[in-house]
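Descriptive structure summary
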Amino acid sequence: MIFRSNFSLEDYFEGIKSRNRVKLSQAITLIESRHPDDQRLGKQLTNKILPLAGKSIRLGITGVPGVGKSTFIECFGNHVIDQGHRIAVLSVDPSSTKSGGSILGDKTRMQTLSVNPDAFIRPSPARSNLGGVAHSTREAILLCEAAGFDVIVVETVGVGQSETLVRGMVDFFVLLTLAGGGDELQGIKRGIMEMTDLLLINKIEKENQKMGNLAAKEYANALHLLPPHPYKWKVPCFTCSSLTGSGISRVWDVLEEYQKQMQENGYWSENRKQQNLAWFDESLERAIKENLMNNAEIIEEIEQMKSKIAENMVQVSVAIEEVLEKIIRRL
């Protein structure tokens, strides 16, 4: 996305501080921009608002397409607001690999939540980022927290590596699934199950409650076979209905209990620290790569080496060593 801001650092800061949702949306557009001036201003902004951030519960939601993530988030969001909280939903949509365009349809699916003054919904194009998680999602979380939203929901596209990436930026991770397919357990990767803090069987209305209860027992048994949580959290598994609201209040109760336990045993703050360090490592690696790939001499060196590799004139590992040696000499 190429965007050129017409606002100053102070304009953005004061707008976010005063909980102006329009200014918050503009600030997120700023940090998503690829324009160098916008990127510099975005970094200054996220650094300036840092003392105002960090005071929310960060919640990740994942599940395969069709599981009802958007409907669940709307129902859950309305419940959270009824409890006196403010909720921000950062939903990452899949983008076109050719045009970079995005569906951005979550606002139309969350019609009641999107017009609530205590809610903020921001769909962001994933572009080419691994797993469908927007490059700026972490910065957007900080901006939303600074704007006074104390519950942040990050919705994944439910494919590829997005679950792992989102788990690395939230406090609590929810897996939504369905009952009735007969192969529920086979359809869920072990790695996702191991990351889960709460497993919900969604779309369980009265007519299929029996089927949902059976699925919940099967999932619960499967969870017992996984390695235990390092801080002894027992992953709950139960049914819910985003249409009727059944089980939604229990989700919030579980989330509050998790927060209480993890804050008492120190995991909450330690997890945030480790996530910040991982963010630094990822950002540093990306910055180094981007700077190197903007160096004309290095680009030429890499292209020449690619030609040699294509013609079987040099083995890949040897070629990498030679390129690295030349890069180091230029530093």
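Calculation rules
- Residues numbered from 1 in each chain as written.
- Predicted model: local features only at pLDDT ≥ 70, side-chain atom pairs only at ≥ 80, totals over all residues.
- Heavy atoms only, no water.
- Helix = DSSP H or I, 4+ residues; strand = E, 2+ residues; numbered from the N terminus.
- Buried < 20%, exposed > 50% of the residue type's maximum accessible area, 1.4 Å probe, protein only.
- Contact = heavy atoms within 4.5 Å.
- Areas by Shrake-Rupley, 256 points an atom, 1.4 Å probe, with all protein chains shown as cover.
- Axes fitted to C-alpha atoms, helices over the stretch in contact; angles between N-to-C directions.
- Parallel < 35°, antiparallel > 145°, perpendicular 65-115°, else oblique.
- Left-handed = near helix turned anticlockwise from the far one by under 90°.
- Nonpolar A, V, L, I, M, F, W, Y, C, P; charged D, E, K, R; others polar.
- Expected span 1.5 Å × (residues − 1).
- Arc of directions from axis to C-beta.
- Core = buried A, V, L, I, M, F, W, Y, C linked by side-chain atoms within 4.5 Å.
- Patch = residues over 30% accessible without salt bridge, like charges linked within 9 Å, V, L, I, M, F, W, Y side chains within 5 Å.
- Salt bridge = Lys/Arg side-chain N within 4 Å of Asp/Glu carboxyl O.
- pLDDT = per-residue confidence, 0-100.
- Disulfide = S-S within 2.5 Å.
- Lys, Arg positive; Asp, Glu negative; His and termini not counted.
- Polar contact = N/O pair within 3.5 Å; in protein donor to acceptor, adjacent residues only side chain to side chain.

Below, the discussion takes up the overall build of the chain. The helix and strand inventory of the chain stands at 14 helices and seven strands. The buried share of the chain, reckoned over its 331 residues, is 47%. Counting contacts in the chain only where the partners sit at least 6 residues apart, residues at least 24 apart contribute 76% of the total. Surface exposure of the chain reaches about 17500 Å², of which carbon and sulfur atoms provide 54%.

So, on to the environment of I309. Assignment of secondary structure puts I309 in helix α13 (residues 296–310). Overall, the relative accessible area of 29% leaves I309 in the partly exposed class. Each C-alpha atom, one on I309 and one on A319, is 7.7 Å from the other, the two residues being 10 residues apart in sequence. Sequence-distant contacts of I309, defined by excluding residues within four places in its chain, comprise V314, V316 and A319.

Attention shifts here to the packing of α13 against helix α14 (residues 316–330). Across the interface, α13 lies against α14 with an axial gap of 10 Å and an inter-helix angle of 165°. One way to sum up the angle between α13 and α14 is to call them roughly antiparallel. Considering the relative orientation of α13 and α14, their crossing is right-handed. Each of E297, I298, E301, I302, M305 and I309 in α13 lies in contact with α14, whose residues at this interface are V316, A319, E322, V323, K326, I327 and R330. A breakdown of the residues in the contact of α13 with α14 according to their chemical character gives eight nonpolar, no polar and five charged.

To continue, consider helix α11 (residues 248–264). Taking 1.5 Å as the rise per residue, α11 with 17 residues should run 24 Å; its terminal C-alpha atoms sit 25 Å apart, in good agreement. Of all the positions in α11, only I248, V251, W252, V254, L255, Y258, Q259 and M262 are classed as buried. All buried residues of α11 fall inside an arc of 160° around its axis, so they share one side. G266, located one to two residues past α11, shows a positive phi value of around 90°.

If you look at the biggest cluster of nonpolar residues, it comprises 44 residues, and the most contacted ones within it are L45, L143 and C144. Broken down by element, this core gets its largest block of residues, six residues, from helix α7 (residues 137–146). If we ignore the near neighbours within four places in the chain, the residues touching L143 are I16, L24, A27, I28, I31, L45, T46 and I49. Judged by nonpolar contacts, the second largest core, of 35 residues, contains I57, F238, V251 and W268.

As a further point, take unusual backbone geometry. Unlike most non-glycine residues, R19 shows phi in positive territory, near 65°. Along the chain, the position of R19 falls in the loop between α1 (9–17) and α2 (21–32). Take R19: its relative accessible area is 48%, and that puts it in the partly exposed class. Of note, N312 is a non-glycine position whose phi angle comes to about 55°, a positive value. Considering the arrangement of structural elements, one finds N312 in the loop between α13 and α14. Judged by relative accessible area, N312 falls into the exposed class, the value being 72%.

This part is about helix α4 (residues 69–82). Note that an α-helix has 3.6 residues per turn; residues three or four places apart therefore point the same way. The end-to-end C-alpha separation of α4 is 20 Å, in line with the 20 Å expected for 14 residues at 1.5 Å each. The buried fraction of α4 amounts to 11 of the 14 residues, a majority that puts the element mostly inside the structure. Those residues of α4 that fall on the buried side of the exposure criterion are K69, S70, F72, I73, E74, C75, F76, G77, H79, V80 and I81.

Looking now at a nonpolar patch on the surface. The grouping of V316, I320, L324 and I328 at the surface amounts to a nonpolar patch, some 370 Å² of accessible area in total. Inspection of the secondary structure puts I328 in helix α14. The class of I328 is exposed, set by a relative accessible area of 57%.

On to the confidence of the model for the chain, then. Mean pLDDT for the chain: 86, with 85% of residues reaching 70 or above. Note that residues 95–104 has pLDDT below 50 and, in this model, 17 contacts with residues that lie over four places away or in other chains.

Here the focus is the state of the cysteines. A covalent bond bridging the sulfur atoms of two cysteines is what the word disulfide describes. Evaluation of the coordinates by the stated rule reveals zero disulfides. The cysteine C240 is free of any disulfide, with C75 supplying the nearest cysteine sulfur at 8.1 Å.

What follows is about the side chain of E205. Looking at the secondary structure, you find E205 in the loop between β6 (198–201) and α10 (209–224). Buried charge E205 goes without a salt bridge, the closest partner of opposite sign being K203 at 8.1 Å. At 2.5 Å, the side chain of E205 forms a polar contact with the side chain of S241. Beyond its immediate sequence surroundings of up to four residues, E205 is in contact with S241, L243 and T244.

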